[in-house]
Amino acid sequence: MKQVVKRAVLGSLLVLGSLGMSTAVLAVEKEKVVIQVSQNDAAAWNLALNNAKNIQKDIGADKVDIEVVAFGPGLEMLKLESEVANRIGEMVDSGVKVVACQNTMRNRKVEPADINPKAGFVPSGVVEIMRRQQQGYAYLRP
C-alpha cells in the first residue's frame, strides 16, 4: 500500500512540475512579427516603422521581437542618404531588427558600406520572411 501511495504522490508531483514548467516557458515567450518592405517609398517605410513602434508601445518593447526585411526596391530606403535613415536608426536602437537582402544588393550593385550602419544583412529577404513565418512570426506588409 505504501508503494502505491508513493507512486501516486510522485506521479502527481511530476504532473504538477511539468505544468508549472510549461506555464513558465509560455510566460517568457515573446510575440514575433516580421515586416516586409519592398517599395522604394518613404511613405511605405514610415508606415512600416510606425507599425513597429506601435506594436512595441501596445505590447511592450521587451515582449516582442520585430524584424523589418527590406528587399527589391525597398532596399533604396536603407541607403545612408535615405530620407528615413534617422528613423531606421531610432527603431534599431529601440530593439527592432532591420535587415537588407544581399541578393538585392548584389543585383543592384549596392555595397554594405552604402547601407545604413544600423541595419543587418540576410542572404535572401524572401527566404528570411519565409523562415520567420515557419518560426511562428506574424507577417505584416504595410
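For the structure, see preceding data.
Each chain carries its own residue numbering, running from 1 in the written order of its sequence. Owing to the predicted nature of the model, reporting of local features is limited to residues with pLDDT of at least 70; listing and counting of side-chain atom pairs is limited to 80 or more, with chain, interface and lining totals taken over all residues. Side-chain numbers come from the whole structure's heavy atoms, not from hydrogens or water.

### What to know about the overall build of the protein chain
How we decide: Note on conventions: DSSP H or I runs of at least 4 residues are helices, E runs of at least 2 residues are strands, and numbering of each starts at the N terminus. Only protein chains enter the accessibility calculation, which uses a 1.4 Å probe; a residue whose area is less than 20% of its type maximum is buried, one above 50% is exposed, and one in between is partly exposed. Residues count as neighbours in contact if any of their non-hydrogen atoms are within 4.5 Å of one another.
Along its length, the protein chain carries 5 helices and 5 strands. When the helices and strands of the protein chain are placed in sequence order, the string is α-β-α-β-α-β-α-β-α-β. Burial statistics for the protein chain: of 142 residues in total, 37% are counted as buried. Restricting the contact set of the protein chain to residue pairs at least 6 apart, pairs at least 24 apart contribute 75%.

### Observations concerning the pattern of salt bridges
Worth spelling out the cut-off: Here a salt bridge means any side-chain nitrogen of Lys or Arg lying within 4 Å of a carboxyl oxygen belonging to Asp or Glu.
For the coordinates displayed, the defined rule picks out 6 salt bridges. We note a salt bridge from Glu67 to Arg132, for which the minimum N-O separation is 2.6 Å. With Glu67 in strand E2 (residues 64-70) and Arg132 in helix H5 (residues 125-134), this residue pair connects regions lying 65 residues apart in the sequence. Using a relative accessible area of 2% as the deciding quantity, one classes Glu67 as buried. Each member of the salt-bridge network shares a partner with another, and the members are Glu67, Glu128 and Arg132.

### Structural notes on the nonpolar core
Here is the rule we go by: As used here, the term nonpolar core means buried Ala, Val, Leu, Ile, Met, Phe, Trp, Tyr and Cys residues forming a set that is joined through side-chain atoms within 4.5 Å.
Judged by nonpolar contacts, the single largest core of 26 residues is most densely connected at Ile35, Trp45, Ile66 and Leu78. Only strand E1 (31-37), helix H2 (42-59), E2, helix H3 (85-93) and strand E3 (97-101) provide two or more residues apiece to this core. In terms of residue count, H2 provides more of this core than any other element does, 6 residues in total. Excluding anything up to four places from it in sequence, Trp45 contacts Val37, Gln39, Val68, Ala70, Gly74, Met77, Leu78, Val84, Ile88 and Val98.

### Regarding H3
Rules: Our arc is simply the arc of the directions from the helix axis toward the C-beta atoms.
Within the sequence span of H3, burial applies to Ala85, Ile88, Gly89 and Met91. When H3 is viewed along its axis, its buried side chains cluster within an angular range of 165° and face the same direction. Along H3, the residues that are exposed and aim more than 90 degrees away from the buried face are Asn86, Glu90 and Asp93. Residues of H3 that are buried make contact with H2 and E3. Once H3 finishes, Gly95 follows within two positions and takes phi at roughly 110°, a positive value.

### Here's the deal with unusual backbone geometry
Backbone geometry at Lys109 places phi at a positive 55°, although glycine is not the residue there. Position of Lys109 relative to the elements: it lies in the loop between helix H4 (102-107) and strand E4 (120-122). Given a relative accessible area of 71%, Lys109 falls into the exposed group.

### Quick notes on the environment of Val69
The topology assignment puts Val69 in strand E2. Between the C-alpha atoms of Val69 and Gly120, which are 51 residues apart in sequence, the distance is 9.5 Å. The contacts of Val69, once residues within four sequence positions are left out, are Val34, Ile35, Gln36, Val37, Val99, Gly125, Glu128 and Ile129.

### Topic: the pairing of E3
Threshold: For two strands to pair, DSSP has to find at least two bridges joining them. When the strands point away from the viewer and the path from the first strand over the helix to the second turns clockwise, the crossover is right-handed.
Buried residues dominate E3, accounting for 4 of its 5 residues. Bridging between E2 and E3 involves 4 bridges; their strand directions are parallel. Bridge assignment links Ala70 to a residue of E3, and that residue is Ala100. Following the backbone out of E2, through H3 and into the adjacent parallel E3, one traces a crossover that is right-handed. Pairing of E3 with E4, which is carried by 3 bridges, proceeds in the parallel orientation. Looking across to E4, one finds that Ala100 is bridged to Phe121. In this fold, E3 hands off to H4, which returns the chain to E4; that crossover is right-handed.

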